[in-house]
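The residues making up each chain are set out below.
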Amino acid sequence: MAEYRVGVVGVGSRTVHGPLWARTLTAIPNVKLVRLVDEEPDALARTAAEVGVDDTSSDPRTVLEADDLDIVIVNTIDQVHAEQVDAALDAGKHVLTDKPLGVDTGQAAGVASKAKKAGLKVAVGHVFRFVPQYEFVKKRVELGELGRIFHVEAGYVHDMRPVWKATPWRTDPDDPQNPWFGGALHPIDLAHWLGGEVTEVCAVENKASSKAEFPLNDNAIMLLKFASGAIGRVWNTFGIQQNPGFQTFCSAFGDRGSCLADSRGGEAELHIDWGVDGVGGPLRIPFSGGKNPNLACVLDLLDAIETDRPPRSDAAQAVRNMAVLDAATRSVKSGKFEPVQIPAI
Amino acid sequence: MAKSIGVGVIGIGMGGTMLPLNLDENSPFEVRSLCSGTASKVEAVAREWDIPHWTTNYRETISRPDIDVIGIYSPDHLHIEHVTAALDAGKHIVCTKPMVTSVEDADRLVKLVDEKGVKFLVGQTMRFEPEFTAAKSQLDRGLLGDLILVEGHYVHDMRHVFPSTPWRRDVPQDLMYGGISHPLDIMRWLVGDIEEVHAYGNRAGLTPEVKIKANFILNVKFVNGVMGRVLGMYDVVHPPMPMMGIGLWGSKGTLMADYTDLKGGHINVVYDDIEGQPVGTFDFPPETLGAYGHGDTVLRYMAQFADCLEHDREPSPNVRDGAKSVSTCAAAAQSIETGEVVKVRNEF
Amino acid sequence: MFRSEPVLDDRTEEARLQMAELGVGVVGLGMGRSLLAVNGMPDFPATVRGVCDLVDDATAAAKKEFGVEFTTNRIDALLDRPDIDIVGIYTPDHLHKDQVIQALEAGKHVLVTKPMSINSQESEEIISAVKRTGKRVMPAQTQRYVQSHMAVRRFIDQGEFGDIYFVAADYYQDLRPVYDHTPWRYQHPQDFIYGGLSHNIDTMRFLKGEIVEVGGYGMNSGLDPRYPEGIFETFVLNTRFEDGTIGRIAMAPAVRPPLPNIYVQVFGTSGTFVPNQIVLDSFEGKPVIDFDFTSENWSFAEIRVLRNFVDSILADKPQALNEIDGARITAVGDAITASVTSDGSPRKVRLDF
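On to the overall build of chain C, then. Per the secondary structure count, chain C includes twelve helices and 15 strands. Taken over C-alpha atoms, the radius of gyration comes to 20 Å for chain C, in line with the 20 Å a tight globule of 353 residues would show. Projecting the C-alpha coordinates of chain C onto the three principal axes gives extents of approximately 60 × 50 × 40 Å. Counting all 353 residues of chain C, 59% fall into the buried class. When the accessible surface of chain C is totalled, it reaches about 13,900 Å², and 50% of it is carbon and sulfur. Separation between the mean location of the 35 positive side-chain charges and that of the 50 negative ones in chain C comes to 2 Å.

Structure below.
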């Protein structure tokens, strides 16, 4: 098995995940966590002590431009993702970046093109593709057990108030975090995963939180039309008061069965006619944790490098996700279905 | 739907589960005659359900021209007499398990059914319980891969049912046929014919007046090479386990299905391709209609029978399935006597 | 009777006996690792003083984490130590016989993980060695020391089950991960009739009595291609006990079933045990009692086995299992082999050793 030398940019409190990616890497035997970077010296020192890494810096270039690393993990604020991934690609490294890939589709497309030309892998941290109950839903779709998929649902439902307090850069009135980047990209990615190419979007949004808590609208529904003829719904909401038990959901409905899953209790439900005229069931499978989606995401990147295949959610997919968001943004204004325009990569 | 097919029922304990057919608008069946041993009981049931004819003489029921199907729910050892008479009269047959209690009798029935060209359904309720139908569906879809090992069980402290059906104690009922036929039939349905069997049997002695063996363990080899085993325990302190169950060990998954009279059932399944191998569960609500709660199941198999009559299809299980179950039970009984592995006759 | 000949260091052993503490040497730190924990138990009347394993990391860890004084790669170096009274053999099955005899001849008592032997010829050699050396052999049949089985046995002894007319013991374990970290099992193929079914066989002996007849079918499931075709790991067996009552055994190394790993059922005229519940007929109302033990680490059962051995030696009483038990368990395996490799008909089990 090949050995990989990895550096992480961003281990402090600027992002919710902070030291999460650094910690994850220490669990992989053939990965050597070489270097950590963060602007906050205390957070950097803490994480470095925790994961047993001495090599630290406040300068991202020590990781992005390093020639002694194979992989870079970008875990910084949204606004600098694209430039940092670019820098790492320029220096010949594979990248795992937190989403979004860029602040707009154009930026993301640029990064994706560069990666493609260089033959390097860029994995985008859509870790929900590695949640076991969602993998179960996807597998039922793939195996054809649900028949022809005609409807897809995915959502990201998160009372962000505590997060807004802890990371105030998100609520900066001059440069607030785009709520759709923060959340909606996840369910949009899941919807793509289950339903395929999205051709049109119709979106509507409103607000639950106060302007003081968060400057922008924080609740949106998107209706999707897929190339396959299926339709779907994405719900992205941040201002909800108290999480209603689950944070994400991901379900597929086909003409021979349905499979539903959400993040509450880690269970998936499979509804198929087992020849019992609807008596009994559904089949419930408990996924009792123990599987770490972040770890699985990194392992997927390593395998993608080794077998020369795209990571499960890669830069090209990130561009498609953001194109859907663009269409949604246009739709909020026009009140109509808007076509999804995907820039060439 | 017009009630176009008349049914006569012999035995109103388990046979009483046929009566709700009269209320089912979607069923062409109508029970028109009841027969049972005790006049007062059968008359009371006939009055309650508005059945025009009742009797204690089964020949009356069998010979009625407005009846096309005879449902036989009499004690096991009387099946051969009742079924033969009904076949001689040219009726279609639904016969509760066990079909009969000897291979010779099974042979007679197969020949007679072939000769008369009528439809014959063995009332093997397990095949129509949703737990086992769902298990078969999973197996047939390939979700469990190739079968490695199959097991079945049916345990029942029969002391609980002696009061309502004293013939079980007094005749006594031979549970190698009356009991073991349940899991054996289900296993045959799921896997295929059984080639050979080795069995042990004993008694616990909880009912001293019954002398014949009532606890059985069978090892079986199927014609297709799969291995299996059956547990049938009837002279028992009722054990804290589901009454009926099957286990399917496959190369891609392992599934256990269970069912208990009046308590519903479950499927527990593990799929190899899910990391962590969590146990998936599938719960089935209790069904309480009819004797032992088997009412809904009887309605299900009668729906199949209606379809078979209308479209000239073969019932499942049919007389040959019944015969093969009987011959497997007979082989097991012989094995218990001789201590040897005994080959099962599957040609009928 | 635990010694009939002078031992290497008389005084040391007596002194140890006075202190009521014995020295243990463990050979094989895979399964044997379980015993090291006794070094951290102040009241335990034995200490692991030496370990032997081919893997240096394992012996070094034993020294570092459990304070084991002596480490070696060679079993004879361990057997030379005068401060070791009991040797625990936890090596692959096919090595047991020679190592057990070697340890006996070095003047040690032997605790050997199941199976003691892999055929009756080996059993006879071990029995001879015990007679010759006067030392003890205890097969470490851990299922007797699993909490739920100990509790069921108590109920049986108190008469709560009445007459037991049926006992079953099934063994379900997805073996593929086991092959991953103990490759010797398929490199020198472990015969599950001896290495696996010994669990089932001895549990049934523990709860009911001697098995005198056994027969049935066996096959290789094909689930793991590392495992050679000629060796079976899937079994359905019928058994008969000395008093005529019946039982059954199954083993399936398939996709982990939704059942306990070792699944034992006991049916008696006054009670029935089917995990995790007991029905007690003798109680008014015939309650169904939940019989649920918090799952404990496997090591505890291994340690209880050792405890029984040590206590028995110190008290000069017979230990729970000896070489005759080991031989009988293996003899059941012989009968199983004869049956499953031919026509499935039952075979009588040799009891006289």
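When its secondary structure is counted, chain B shows ten helices and 15 strands. Whereas a compact globule of 348 residues would reach a radius of gyration of roughly 20 Å, chain B reaches 20 Å, a difference of no more than 12%. Projected onto its principal axes, the C-alpha coordinates of chain B cover approximately 60 × 45 × 40 Å. Residue burial in chain B is summarised as follows: out of 348 residues, 66% are buried. Once local pairs closer than 6 in sequence are excluded, the contacts in chain B between residues at least 24 apart make up 66%. Taking the average location of the 32 positive side-chain charges in chain B and that of its 47 negative ones, the two points are 3 Å from each other.

Residue and element names in this part refer to chain A. Summed over all chains, the structure comprises 17 aromatic pairs over all chains. Seen from their ring centres, phenylalanine 128 and tyrosine 156 are 6.1 Å apart, and the 75° between their planes marks the pair as edge-to-face. In this pair, phenylalanine 128 is assigned in the loop between β6 (122-124) and α6 (132-143) and tyrosine 156 in strand β7 (residues 149-157), connecting sequence segments 28 residues apart. The pair phenylalanine 128 / tyrosine 156 is uniform in exposure class, with both members buried.

On to unusual backbone geometry, then. With an omega of -5°, the peptide bond between Lys97(B) and Pro98(B) qualifies as cis. Assignment of secondary structure puts Pro98(B) in the loop between β5 (92-96) and α4 (103-116). Residue Pro317(B) follows Ser316(B) across a cis peptide bond; omega there is 5°. Position of Pro317(B) relative to the elements: it lies in the loop between α9 (295-311) and α10 (319-338). If you check the backbone angles, Asp312(B) has positive phi at about 55° while not being a glycine. Phi angles above zero are rare outside glycine, and Asp316(C) is one such case at about 55°. Take Asp316(C): it is sitting in the loop between α11 (299-315) and α12 (323-340).

This paragraph deals with the interface of chain A and chain B. When the parts of a complex come together, some accessible area is lost, and that lost area is often used as the size of the interface. Taken together, the contact pairs 19 residues of chain A with 22 residues of chain B. Together chain A and chain B conceal approximately 1,600 Å² of surface at their shared face, both sides included; 64% is due to carbon and sulfur atoms. Sorting the residues of chain A by area buried against chain B places Trp274(A), Val279(A) and Leu283(A) first, and these three jointly supply 35% of that buried surface. Linking chain A with chain B are one salt bridge, by the criterion used here. Two residues, Lys139(A) and Asp273(B), come together in a salt bridge whose shortest N-O distance is 2.8 Å. Between chain A and chain B we count three residue pairs in polar contact (both at pLDDT 80 or more) in total.

What follows is about empty space enclosed by the protein. It is the rolling of a water-molecule-sized probe over the atoms that shows where space remains empty. All names here are of chain B. Counting across every chain of the model gives six cavities of 30 Å³ or more. Approximately 140 Å³ is the volume attributed to the largest cavity. Every residue lining the largest cavity is counted, 17 residues in all, and those nearest its centre are Met158, Phe162, Leu175, Ala214 and Tyr234.

So, about the sheet that holds strand β1 (residues 5-10) of chain B. All names here are of chain B. Strand order in the open sheet made by the six strands is β3-β2-β1-β4-β5-β6, with parallel pairing throughout. Each edge of the open sheet is held by one strand with a lone partner, namely β3 (53-55) and β6 (120-123). Averaged over all neighbouring strand pairs, the angle between strand axes comes to 25°, with direction disregarded. Across three bridges, strand β2 (residues 29-35) lies against β3 in parallel orientation. Bridge pairing in β3 places serine 33 opposite histidine 53.

What follows deals with the arrangement of the chains. Contacts are most numerous between chains B and C, taken over all two pairs of chains that touch. Separating chain A from chain C is a minimum C-alpha gap of 12 Å, and the two share no contact.

Once that is clear, we can look at the sheet that holds strand β7 (residues 164-172) of chain C. Residues and elements named next belong to chain C. On the basis of which strands lie adjacent, the open sheet formed by nine strands has the order β14-β13-β12-β11-β7-β10-β9-β8-β15 and mixed pairing. The open sheet has two edge strands, β14 (288-290) and β15 (347-348), and neither has a second partner. Lying on the sheet, helix α10 (residues 197-207) is in contact with β7, β8 (211-219), β9 (234-241), β10 (246-252) and β11 (262-268); it crosses β10 at an angle near 155°. Contacting β8, β9 and β15, α12 crosses the sheet at an angle of about 45° to β8.

We now examine the pattern of salt bridges. Two side chains carrying opposite charge are able to pair once their charged atoms lie near each other. Tallying each qualifying case throughout the model produces 75 salt bridges over all chains. For Asp193(B), the salt bridge is made with Lys324(B), and the minimal N-O distance between the two is 3.0 Å. Of this pair, Asp193(B) sits in the loop between α8 (181-190) and β8 (194-202) while Lys324(B) is found in helix α10, placing the two residues 131 residues apart along the sequence. With a relative accessible area of 22%, Asp193(B) lands in the partly exposed category. Residue classification places Lys324(B) among the buried residues on the basis of a relative accessible area of 15%. Measuring nitrogen to oxygen at the nearest pair gives 4.0 Å for the salt bridge that ties Glu195(B) to Lys343(B). A residue pair is termed long-range when its members are at least 10 positions apart, and Glu195(B) in strand β8 and Lys343(B) in strand β15 (residues 342-343) qualify at 148 residues. Residue class for Lys343(B) comes out exposed when judged on its relative accessible area of 55%. The structure contains a network of salt bridges with shared partners spanning Arg144(C), Asp202(C), Arg205(C), Glu210(C), Asp325(C) and Arg328(C).

Turning to a nonpolar patch on the surface, a few remarks are in order. A contiguous nonpolar surface patch, about 320 Å² in accessible area, is contributed by Val204(A), Ile221(A), Leu223(A) and Phe337(A). With respect to the helices and strands, Ile221(A) occurs in strand β9 (residues 219-226).

Cut-offs applied
- Residues numbered from 1 in each chain as written.
- Chains lettered and ligands numbered in written order.
- Predicted model: local features only at pLDDT ≥ 70, side-chain atom pairs only at ≥ 80, totals over all residues.
- Heavy atoms only, no water.
- Helix = DSSP H or I, 4+ residues; strand = E, 2+ residues; numbered from the N terminus.
- Rg over C-alpha atoms; globule rule 2.2 N^0.38 Å.
- Buried < 20%, exposed > 50% of the residue type's maximum accessible area, 1.4 Å probe, protein only.
- Areas by Shrake-Rupley, 256 points an atom, 1.4 Å probe, with all protein chains shown as cover.
- Lys, Arg positive; Asp, Glu negative; His and termini not counted.
- Charge placed at Lys NZ, Arg CZ, Asp CG, Glu CD.
- Contact = heavy atoms within 4.5 Å.
- Phe/Tyr/Trp six-rings, centres within 6.5 Å; stacked < 30°, edge-to-face > 60°.
- Buried area = accessible area lost by both parts, 1.4 Å probe.
- Salt bridge = Lys/Arg side-chain N within 4 Å of Asp/Glu carboxyl O.
- Polar contact = N/O pair within 3.5 Å; in protein donor to acceptor, adjacent residues only side chain to side chain.
- 1 Å grid on protein atoms, 1.4 Å probe; cavity = no way out; pocket = protein on both sides within 12 Å on 5 of 7 lines; lining within 4 Å.
- Points joined across faces, edges and corners; volume = space filled by probe spheres on them.
- Pairing = 2+ DSSP bridges.
- Axes fitted to C-alpha atoms, helices over the stretch in contact; angles between N-to-C directions.
- Patch = residues over 30% accessible without salt bridge, like charges linked within 9 Å, V, L, I, M, F, W, Y side chains within 5 Å.

So yeah, pure geometry; function would need other evidence.
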